[in-house]
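Secondary and tertiary structure notes
Read off the chains here:
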Amino acid sequence: MILKMGTRGSPLALAQSGQLAKEFMRLRPEVVVETVVITTSGDRFSPQGLGAKGLFIKEIEEALLDGRVDFAVHSGKDLPAELAPGLLIAAYPQREDPRDVYIGGPTAPWAALGPGRRIGTSSLRRKIQLLTAKPGVEVLPLRGNVDTRMRRVQEGAFDGIILALAGLRRLGRADVPHEIIPETVIVPAPAQGALAVEAKADRADVLALLAVLDHPRTRLEVECERAFLEEFGGGCSMPLGALVRAEETGLTLSAFWSEIDGSKPVRLSQACPDPGRAMDFAREMADRLRSAAA
């Protein structure tokens, strides 16, 4: 049986979708996966601002709906709070470490960061939390793929950069010296480190095959984070972070928010002993954050 998999064409997207396809075919030997690279509006225009997140999946969802592909693989944090009608997340494979990392030059380890150091990131969420942790650093915009970004440090354009640990590992670059930034310092984006396998809701045959990839703990964590995102109403340019940890003792949700200019920052963390209340807990935490930010 041949299934067509839709994915963006960036090096990271191809690496992570390729790894998933390989695992899928190992678990389902009767399936052969063909990769279909789809250029999205986000790839063409590199948009910024509210609503931009959905542009990284728009054309892929259209390909799912018209049958050009059977399923698609996305970075979880690229997904808007609501999917296109008729589509659902068939599987959340086991999540990679969701935290951010700092990659610095030889004279700029994390502990040495201070006023005047030039740090690269185009994420407003990272920028504002970084400035809270390291007042006085100069945060500069950083674009390009992971190799391009790391090369800018080597060339001396930046003293250091901040990336997602998951992307570094999926690209096979975990050997690059890096320092993991705990979520108590920088809260990751909702669904960071997770992949989402999307398919049509009426393709029962495809959904049954893809179910083998689903990781229950990852699904619980990510759907809780996405419920929080939907309830709070965050766009992709909003400095909003949310991370859920699911343990035997229950859930813990850590969240961060501030105004676009970095003012009125709010950081919350709370436990919920009953995983069965995950969605209600997410909405309650969104309400708490909204009240604290008012």
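The following refers to the structure shown.

Criteria and cut-off values
Residues numbered from 1 in each chain as written. Predicted model: local features only at pLDDT ≥ 70, side-chain atom pairs only at ≥ 80, totals over all residues. Heavy atoms only, no water. Helix = DSSP H or I, 4+ residues; strand = E, 2+ residues; numbered from the N terminus. Buried < 20%, exposed > 50% of the residue type's maximum accessible area, 1.4 Å probe, protein only. Contact = heavy atoms within 4.5 Å. Areas by Shrake-Rupley, 256 points an atom, 1.4 Å probe, with all protein chains shown as cover. Lys, Arg positive; Asp, Glu negative; His and termini not counted. Charge placed at Lys NZ, Arg CZ, Asp CG, Glu CD. Pairing = 2+ DSSP bridges. Axes fitted to C-alpha atoms, helices over the stretch in contact; angles between N-to-C directions. Disulfide = S-S within 2.5 Å. Parallel < 35°, antiparallel > 145°, perpendicular 65-115°, else oblique. Left-handed = near helix turned anticlockwise from the far one by under 90°. Patch = residues over 30% accessible without salt bridge, like charges linked within 9 Å, V, L, I, M, F, W, Y side chains within 5 Å. Salt bridge = Lys/Arg side-chain N within 4 Å of Asp/Glu carboxyl O.

1. Here's the deal with the overall build of the chain
Each helix and strand counted, the chain has 9 helices and 13 strands in total. A principal-axis box enclosing the C-alpha atoms of the chain has dimensions of 60 × 45 × 35 Å. The buried share of the chain, taken over its 294 residues, is 49%. For the chain, the share of sequence-separated contacts (at least 6 apart) that also reach a separation of at least 24 residues comes to 67%. Total accessible area on the chain stands at roughly 13000 Å², and carbon and sulfur atoms take up 53% of it. A distance of 5 Å separates the average location of the 37 positive side-chain charges in the chain from that of its 38 negative side-chain charges.

2. Regarding the environment of Gly-120
Locating Gly-120 in the fold gives a position in strand β6 (residues 118-120). You can call Gly-120 buried: its relative accessible area is 0%. Residues Gly-120 and Arg-152, spaced 32 residues apart in sequence, show a C-alpha to C-alpha distance of 9.0 Å.

3. What about the sheet that holds strand β8 (residues 160-164)?
Across the sheet, 5 strands lie side by side as β7-β6-β8-β5-β9; this open sheet has mixed pairing. What marks the edges here is a single partner per strand, and that holds for β7 (138-140) and β9 (179-181). Direction aside, neighbouring strands of the sheet carry axes that sit 30 degrees apart on average. Pairing of β6 with β8, which is carried by 2 bridges, proceeds in the parallel orientation. Within the sheet, the bridge partner assigned to Ile-119 lies in β8 and is Gly-160.

4. Some points on the sheet that holds strand β13 (residues 266-272)
An order of β11-β12-β13 is seen for the 3 strands of this open sheet, with the pairing classed as antiparallel. In this open sheet, the two edge strands, each paired with only one partner strand, are β11 (240-247) and β13. The mean angle between the axes of side-by-side strands here comes to 10 degrees, regardless of whether they run parallel or antiparallel. In terms of strand pairing, β11 meets strand β12 (residues 250-257) through 8 bridges, oriented antiparallel.

5. Describing the state of the cysteines
Counted according to the given criterion, the structure contains 0 disulfides. The cysteine Cys-224 is free of any disulfide, with Cys-272 supplying the nearest cysteine sulfur at 7.8 Å.

6. Some remarks on the packing of helix α8 (residues 216-232) against helix α9 (residues 278-293)
For any two helices packed against each other, the geometry comes down to the angle between their axes and how far apart the axes lie. For the pair α8 and α9, interaxial distance at closest approach is 8 Å and the crossing angle is 40 degrees. Taken together, the axes of α8 and α9 are oblique relative to one another. When you trace α8 past α9, the crossing you get is right-handed. Seen from α8, the contacting residues are Leu-220, Glu-223, Cys-224, Ala-227, Phe-228, Glu-231 and Phe-232; seen from α9, they are Ala-278, Met-279, Phe-281, Ala-282, Arg-283, Met-285, Ala-286, Asp-287, Leu-289 and Arg-290.

7. Examining the environment of Pro-182
Checked against the element boundaries, Pro-182 lands in the loop between β9 and β10 (195-200). Spatially, the C-alpha atoms of Pro-182 and Val-73 are 27 Å apart, while their sequence positions differ by 109 residues.

8. Comments concerning the pairing of strand β3 (residues 71-75)
Counting buried residues along β3, 5 of its 5 residues qualify, which places the element largely inside the surrounding structure. Burial of the side chains of β3 extends over both faces: Phe-71, Val-73 and Ser-75 are buried on one face and Ala-72 and His-74 on the other. Looking at chain direction, strand β1 (residues 2-7) and β3 are connected through 2 bridges and run parallel. Note on β3: the bridge partner recorded for Gly-6 is Ala-72. Of the strand pairs in this sheet, β3 and β10 are connected by 4 bridges, and their pairing is antiparallel. By the bridge assignment for β10, His-74 is matched with Ala-196.

9. Overview of a nonpolar patch on the surface
Where nonpolar side chains cluster on the molecular surface, the patch consists of Ile-2, Met-25 and Val-32 and spans about 240 Å² of accessible area. Here Ile-2 is to be found in strand β1.

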